[in-house]
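Spelled out from the first residue to the last, the chains are:
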Amino acid sequence: MNYPSRTRLEHMQHKIVDLATADRRVKMWKLKANKVTFTNGCFDILHQGHVTYLAGTASYGTKLVVGLNSDASVKKQGKGDNRPVNSEDARALVLAALGYVDMVVIYDDETPIELIKTFEPEVLAKGADYDADETDASSKKYIVGSKEVKSKGGKVVAIPLVEGFSTTAIIEKMNA
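Conventions and cut-offs
- Residues numbered from 1 in each chain as written.
- Predicted model: local features only at pLDDT ≥ 70, side-chain atom pairs only at ≥ 80, totals over all residues.
- Heavy atoms only, no water.
- Helix = DSSP H or I, 4+ residues; strand = E, 2+ residues; numbered from the N terminus.
- Rg over C-alpha atoms; globule rule 2.2 N^0.38 Å.
- Buried < 20%, exposed > 50% of the residue type's maximum accessible area, 1.4 Å probe, protein only.
- Contact = heavy atoms within 4.5 Å.
- Areas by Shrake-Rupley, 256 points an atom, 1.4 Å probe, with all protein chains shown as cover.
- Lys, Arg positive; Asp, Glu negative; His and termini not counted.
- Charge placed at Lys NZ, Arg CZ, Asp CG, Glu CD.
- Core = buried A, V, L, I, M, F, W, Y, C linked by side-chain atoms within 4.5 Å.
- Salt bridge = Lys/Arg side-chain N within 4 Å of Asp/Glu carboxyl O.

Caption draft 1: Seen up close, the overall build of the protein. Looking only at helices and strands, one finds eight helices and six strands in the protein. Relative to the compact-globule value of 16 Å for 176 residues, the protein shows a C-alpha radius of gyration of 16 Å, a close match. Projected onto its principal axes, the C-alpha positions of the protein cover 50 × 45 × 25 Å. In the protein, buried positions account for 39% of the 176 residues. When contacts within the protein are restricted to residue pairs at least 6 apart in sequence, those whose partners lie at least 24 apart make up 74%. Accessible area for the protein stands at about 9800 Å²; split by element, carbon and sulfur atoms hold 52% of it. With 24 positive and 23 negative side-chain charges, the protein shows a spacing of 6 Å between the two charge centroids.

Caption draft 2: Summary view of the nonpolar core. If you look at the biggest cluster of nonpolar residues, it comprises 18 residues, and the most contacted ones within it are Val-26, Phe-38, Val-65, Met-103, Val-105, Phe-119 and Leu-124. Residue assignment for this core shows that the elements contributing at least two residues are α2 (19-31), β2 (36-41), β4 (103-107) and α6 (113-119).

Caption draft 3: The arrangement of the environment of Thr-7 in detail. Looking at the element boundaries, Thr-7 is found in the segment before α1 (8-14). According to the relative accessible area criterion, Thr-7 is partly exposed, its value standing at 44%. Separated by 111 residues in the primary sequence, Thr-7 and Thr-118 have C-alpha atoms spaced 30 Å apart.

Caption draft 4: Quick look at the pattern of salt bridges. Enumeration over the complete set of coordinates arrives at four salt bridges. Close ionic contact of Asp-23 with Lys-27 constitutes a salt bridge, the shortest N to O distance being 3.0 Å. With Asp-23 and Lys-27 both in helix α2 and four residues apart, the pair spans about one turn of that helix. A relative accessible area of 18% places Asp-23 in the buried class. A relative accessible area of 49% places Lys-27 in the partly exposed class. Here Asp-44 makes a salt bridge to Arg-83, at a shortest N to O gap of 2.7 Å. One end of the pair, Asp-44, is in the loop between β2 and α3 (48-58); the other, Arg-83, is in the loop between α4 (71-76) and α5 (88-96), and 39 residues separate them in sequence. We classify Arg-83 as buried; its relative accessible area is 5%.

By themselves these figures say nothing about function.
Shown next as structure tokens:
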């Protein structure tokens, strides 16, 4: 019988990489004519809204890279003292378990701009609570990195959200 060289867990762990490894992989993918799509977020308690959002994002390309806010980065966003609920390692592994997520990169900055500048994705995606056409970087609807992606001929998209699903709502329901 022919067994795979890596276990499924090792395969998932292989998707979680540092910036230097991610940069090499993205360059290799592009050499092979893959279309790289990028998104980012906390993905604290993965739920139906996240899963459908990420699936929609993945449909715009052949490789999906997810920038994951580190625990420190989540704290800087002021989401609350109890956030993140799950550690960055746990959140990264759950994201890596999704078949359409090709790579997860944890970052400490408040925004993913350095990742976006490094990877130069063909598609940059955020949820529909953002506006792909917003050009005012001080607007809450502005998608960080959109100027950079568009300047390289890339596309910026806002993915429809599933109503009624949010990590905050899940936490509130659990505490009720």
